[in-house]
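Structure assessment
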Amino acid sequence: MIKFDYLEPTTLKKTFNLMDKHGDDARVIAGGTSLLIMMRQRLLVPKVVISLARIPKFDKIAYSAKDGLRIGAGARHRDIELSPIVKRHYPLLHETFRKVAQPRIRNMGTVGGNLAAGDPLTDPGASLIALDAEVELTSGKGQRTLRLDEFFIDYYQTALAPGELLTEIHVPPPKRPGWAHIKFTPRSVEDFATVGVALTLSASNGVCEDVRLALNSVAPTIIHAKRAEQTLRGKTITDAALREMGEVAATEVDPMDDNRGSADYKREMVKVLVRRAVQEALQRLH
Ligand SMILES: Cc1cc2nc3c(=O)[nH]c(=O)nc-3n(C[C@H](O)[C@H](O)[C@H](O)COP(=O)(O)OP(=O)(O)OC[C@H]3O[C@@H](n4cnc5c(N)ncnc54)[C@H](O)[C@@H]3O)c2cc1C
């Protein structure tokens, strides 16, 4: 491991002061599950590592019927998975966080670190997009809120500016009661997804009122598949409509050939799994 100074500020203000002082020499660390691997591989060589672990209430999970869910960026995957509030009001999130890696990683990794890493293979981002989530980004100079589907810019690149931290995730009260999460991992259940599909849906008398679809592991970022949604919105949900939605979703992705499968294979699986996700969400409505 490289040599670095390790700092543990106890307030957000002190954290921003340290970030400003050390600039590009510094990197923040939350659970460390991603950062330490990059440091060990010399992909990142910070001189100073600033821990977020001692910031008060950085891991809070709060819910109100009016405002929805507010998750501190320092909440660990396991906290979210086991939260009774999340399980009751956001079963899609419970299901998603249950499937992140294995308990050792879930006990350490945080939702903030997961999203901030901008890794397209990760799971929470797609489900949070399907639930209309926003992220709160804070620096010493102020705060801004961004829709999560605007946060992922490119491969490992997010909208976070230098000196900014992801501080909170806001998930409004669910607008669509049907949901599905499919993490397709043919190699091992603990693997990253070969294709990940998160969907929320409202429907009445077999007609899709509204739908929101996000996909991971099939493009340089986690994506919000808006054109696919558009094909189903307002339509009667038939096999033909679902096939069309799957076909359109496959045109919105840009997968890579890798050890989880070829790009063509992943594109075909998108067609199948998007259809299946709508069917699962419909079943949950009945
Ligand atoms: C073996 C293994 C298997 C995994 N499997 C999965 C999986 O199946 N699904 C999945 O989704 N993920 C998986 N992951 C990824 C894991 O979920 C992430 O590594 C983890 O969530 C990152 O969170 P962390 O707190 O450990 O972040 P860290 O490693 O501490 O930080 C990651 C990056 O984010 C930055 N950062 C951290 N917090 C903030 C913040 N609040 N604001 C701004 N920047 C910040 C850091 O500077 C760093 O660049 C796996 C990881 C490993 C090692």
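Residues numbered from 1 in each chain as written. Predicted model: local features only at pLDDT ≥ 70, side-chain atom pairs only at ≥ 80, totals over all residues. Heavy atoms only, no water.

What follows covers the environment of Met-19. Here Met-19 is to be found in helix 1 (residues 12-22). Looking at Met-19, the relative accessible area reads 12%, which means it is buried. For the pair Met-19 and Ala-73, spaced 54 residues apart in the sequence, the C-alpha separation amounts to 17 Å. In contact with Met-19, not counting residues within four places along its chain, are Val-28, Ile-50, Gly-163, Glu-164 and Leu-165. (Helix = DSSP H or I, 4+ residues; strand = E, 2+ residues; numbered from the N terminus. Buried < 20%, exposed > 50% of the residue type's maximum accessible area, 1.4 Å probe, protein only. Contact = heavy atoms within 4.5 Å.)

This paragraph deals with the sheet that holds strand 10 (residues 165-171). Sheet strands pair via backbone hydrogen bonds, and the direction of the pair is either parallel or antiparallel. Across the sheet, which stays open at both edges, the five strands sit in the order 4-5-10-6-7 with antiparallel pairing between neighbours. Of all the strands in the sheet, just strand 4 (61-64) and strand 7 (142-147) have a single pairing partner and so form its edges. Ignoring which end each strand starts from, the neighbouring axes of this sheet average 20° apart. Here strand 5 (residues 68-72) pairs with strand 10 via four bridges, running antiparallel. Each residue of the ladder has a partner; that of Leu-69, found in strand 10, is Val-171. Helix-sheet contacts for helix 1 involve strand 6 (134-139) and strand 10, and the interaxial angle to strand 10 is about 135°. (Pairing = 2+ DSSP bridges. Axes fitted to C-alpha atoms, helices over the stretch in contact; angles between N-to-C directions.)

Further remarks concern the nonpolar core. Ranked by size, the top nonpolar core spans 42 residues in total, and within it Leu-115, Phe-151 and Ile-169 carry the most contacts. Elements supplying a minimum of two residues to this core: helix 1, strand 3 (48-51), strand 5, helix 5 (91-98), helix 7 (111-117), helix 8 (124-130), strand 6 and strand 10. Beyond its immediate chain neighbours, meaning those up to four positions away, Leu-115 contacts Gly-125, Leu-128, Val-135, Leu-148, Phe-151, Phe-152, Thr-158, Leu-166 and Ile-169. Counting residues in each nonpolar core, the second largest holds 32 residues, with Ile-223, Ala-228, Met-245 and Val-278 among its members. (Core = buried A, V, L, I, M, F, W, Y, C linked by side-chain atoms within 4.5 Å.)

Considering all chains together, one arrives at four aromatic pairs under this definition. On the basis of an interplanar angle of 90° and a centroid distance of 4.9 Å, the ring pair of Tyr-155 and Tyr-156 is categorised as edge-to-face. A relative accessible area of 47% means that Tyr-155 is categorised as partly exposed. Centroid distance Phe-184 to Tyr-265: 6.5 Å. Interplanar angle 50°. Geometry classified as tilted. Here the residue Phe-184 occupies a position in strand 11 (residues 178-184), and Tyr-265 occupies one in helix 11 (residues 263-285), the gap between them amounting to 81 residues. (Phe/Tyr/Trp six-rings, centres within 6.5 Å; stacked < 30°, edge-to-face > 60°.)

Geometry only, nothing functional implied.
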